[in-house]
Amino acid sequence: MSHKAETITLIGAGLNGPLLGLELAKRGFQVEIYERRADMRRVRMSAGRSINLAISTRGIHALTQAGLWDEMRRIIVPMRGRMMHSVASELTFQPYGKNESEVINSISRADLSVALMNVAEARGVRIRFQQRCLGMDFKAGILHLRDEQSGAELAVEAGVVIGCDGSASAIRDAMLHRSRFNFSQHYLDYGYKELTIPAGPGGKHVIETHALHIWPRGNYMLIALPNVDGTFACILFLPFEGADSFTQLNAHSAVVEFFQSRFPDAVSLMPDLANNFFANPTGAMVTVKCAPWHVEGRALLLVDAAHAIVPFFGQGINCGFEDCTVFLELLDQYGADWARVFREFEIARKVNADAIADLAVENFVEMRDRVADPRFLLRKKVELALEARYPQLFVPKYAMVTFHRVPYSTALKRGQRQDHILTELCDGIESVESLDWTKAASLISSDLTPLELS
Ligand SMILES: Cc1cc2nc3c(=O)[nH]c(=O)nc-3n(C[C@H](O)[C@H](O)[C@H](O)COP(=O)(O)OP(=O)(O)OC[C@H]3O[C@@H](n4cnc5c(N)ncnc54)[C@H](O)[C@@H]3O)c2cc1C
């Protein structure tokens, strides 16, 4: 179906704006994107805004539909599992999936964003940079913008607006003034800081390339994701306040001492640690829930603007790209009946967005604390053994979320039932060889029905 006459206005040219924009342009719409930042292809990005993302099945599906995945393969590094680093610098590897095809893929946010903007513009999407959205008059269909260079404010007519403007969305702020708009935001007491492990001689990675490295320390953690240029993008997750917190790390010497005592094998790989630490901002992490996500057929919130989640399941952008997939399927089904498409979209996605928000918070404890526990590692082995024997019945929660497109709400509910089964089966055993298979068969057949995997 071609929709040549209609202009769709998107706010935000981060990751989802350009992807949705290019798909809409492919369907014949005129697409304009207003982006508050300068064009990162022409202006150097400010420090600390380059976090890596882990792209998995849902994200890959959307990129494949858009015909972009083959090109993206050149800028990703597959990660086969978690490499845990103990304080004594011992390494333990825990695979993510049941085989080599179940990997997650590290990609630089900036590289992905640039690739998406390039393709979007090549397909006719117009991106207007340094145009900050200040709000929207939904009744009149007017967008309020400010030119960030000149400071001039302007009002533009916009028929259909989609807010892809991230967790602090201006379109969502405008919806707050409407009656019966539900909104909650919850900040973690933790912040994050980006750091770098430089490449070794010849642009080689100085630690295992195909792993997501974790230094789990109970209440906090450091992680490192590989880049194609031999560097690692690291993120330190630490409480804002208290002992072992960002507040304590207020001088170069404090940072170096903290790293030397807690992450000794990492500090030796970070020659510019303290400068890096103070050059980069400390970010906050928030879960946002709101409803409704749309104002009739006029405006819609998408991805982080509608449902920001904390990053510990590596699903923000995967969930976001899946939003695009579902949105486009509905558009293809109902045509440009925007009120209907927006309504159906929210019905399809809200329950799943809420579920992945809860799973992401839960996974923080797993990453920073439980991955270092031998009982947890045993549970992971038992999970994989159960999956190998009952592939349609027992699919680990991590796999349902990461390697399949099982609805997040199903993964959450099934995951809880499976956790209960695992607790029963792991109780009193020390190795996977001692697993009581008769008990396993009985628990699984009574608690789980076959799962439709996609
Ligand atoms: C530390 C960290 C690690 C993460 N790791 C992962 C991971 O491993 N895997 C994963 O899938 N996800 C991850 N995420 C989540 C992921 O980054 C987000 O879900 C994703 O970027 C959301 O995409 P978006 O397009 O909604 O928003 P964004 O990518 O944030 O883009 C929003 C865009 O809107 C622009 N904008 C904002 N306000 C305005 C305005 N008023 N007017 C005009 N433009 C505006 C911004 O400048 C920006 O370009 C992580 C997030 C963090 C913070």
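Each remark here, short or long, concerns the structure printed above.
Note that this is a predicted model, so its numbers are computed, not measured.

1. Focus on the site of the ligand
Next, step 1: Around the ligand, the structure places 32 residues, and the nearest of them are Glu 35, Ala 54, Arg 109, Cys 133 and Ile 317.
Next, step 2: A distance of 2.3 Å separates an oxygen atom of the ligand from a polar atom in the side chain of Arg 109.
Next, step 3: Between a nitrogen atom of the ligand and a main-chain N or O atom of Cys 133, the distance comes to 2.9 Å.
Next, step 4: A total of 990 Å² of accessible area belongs to the ligand in isolation, and the protein chains cover 90% of it.
Next, step 5: Those elements that place two or more of their residues in the shell around the ligand are β3 (52-55), β9 (131-137) and α10 (316-334).
Next, step 6: For the shell around the ligand, the class distribution of residues is 15 nonpolar, 10 polar and seven charged.

2. Observations concerning empty space enclosed by the protein
Next, step 1: Overall, the coordinates contain one cavity of 30 Å³ or more when judged by the stated rule.
Next, step 2: In this model, the largest cavity occupies a volume close to 110 Å³.
Next, step 3: Contributing to the lining of the largest cavity are 13 residues, with Pro 95, Tyr 96, Lys 380, Glu 383 and Leu 384 lying nearest its centre.
Next, step 4: Elements with a minimum of two residues in the lining of the largest cavity: β6 (91-95), α12 (374-389) and α13 (397-402).
Next, step 5: Looking at the lining of the largest cavity, the element that brings in the most residues is α12, giving four residues.

3. Looking at the side chain of Lys 380
Next, step 1: Relative to the elements of secondary structure, Lys 380 occurs in helix α12.
Next, step 2: Residues contacting Lys 380, with those up to four places away along its chain left out, are Gln 94, Glu 366 and Tyr 398.

4. Topic: the sheet that holds strand β10 (residues 142-147)
Next, step 1: Pairing within the open sheet is antiparallel, and its three strands lie in the order β9-β10-β11. Of all strands in the sheet, those with a lone pairing partner are β9 and β11 (153-157), marking the two edges. Averaged over all pairs of adjacent strands, the angle between their axes in this sheet comes to 30°, without regard to strand direction.
Next, step 2: Relative to β10, β9 runs antiparallel, the two sharing six bridges. Within the sheet, the bridge partner assigned to Asp 137 lies in β10 and is Ile 142.

5. A few points about the pattern of salt bridges
Next, step 1: What the rule picks out here adds up to 25 salt bridges.
Next, step 2: A salt bridge links Arg 42 to Asp 39, with the nearest nitrogen and oxygen atoms 2.2 Å apart.
Next, step 3: Exposure remark for Asp 39: the relative accessible area of 7% places this residue in the buried category.
Next, step 4: As a salt-bridge pair, Arg 178 and Glu 296 come within 3.9 Å of each other at their nearest N and O atoms. In this pair, Arg 178 is assigned in the loop between α5 (170-176) and β13 (182-197) and Glu 296 in the loop between β18 (294-295) and β19 (299-301), connecting sequence segments 118 residues apart.
Next, step 5: Residue Arg 178 is classed as partly exposed on the basis of its relative accessible area, which comes to 37%.
Next, step 6: Connected through salt bridges with shared partners, the residues Glu 23, Lys 26, Arg 27 and Asp 332 form a single ionic network.

Parameters at a glance
- Residues numbered from 1 in each chain as written.
- Predicted model: local features only at pLDDT ≥ 70, side-chain atom pairs only at ≥ 80, totals over all residues.
- Heavy atoms only, no water.
- Near = heavy atom within 4 Å.
- Polar contact = N/O pair within 3.5 Å; in protein donor to acceptor, adjacent residues only side chain to side chain.
- Areas by Shrake-Rupley, 256 points an atom, 1.4 Å probe, with all protein chains shown as cover.
- Helix = DSSP H or I, 4+ residues; strand = E, 2+ residues; numbered from the N terminus.
- Nonpolar A, V, L, I, M, F, W, Y, C, P; charged D, E, K, R; others polar.
- 1 Å grid on protein atoms, 1.4 Å probe; cavity = no way out; pocket = protein on both sides within 12 Å on 5 of 7 lines; lining within 4 Å.
- Points joined across faces, edges and corners; volume = space filled by probe spheres on them.
- Contact = heavy atoms within 4.5 Å.
- Pairing = 2+ DSSP bridges.
- Axes fitted to C-alpha atoms, helices over the stretch in contact; angles between N-to-C directions.
- Salt bridge = Lys/Arg side-chain N within 4 Å of Asp/Glu carboxyl O.
- Buried < 20%, exposed > 50% of the residue type's maximum accessible area, 1.4 Å probe, protein only.

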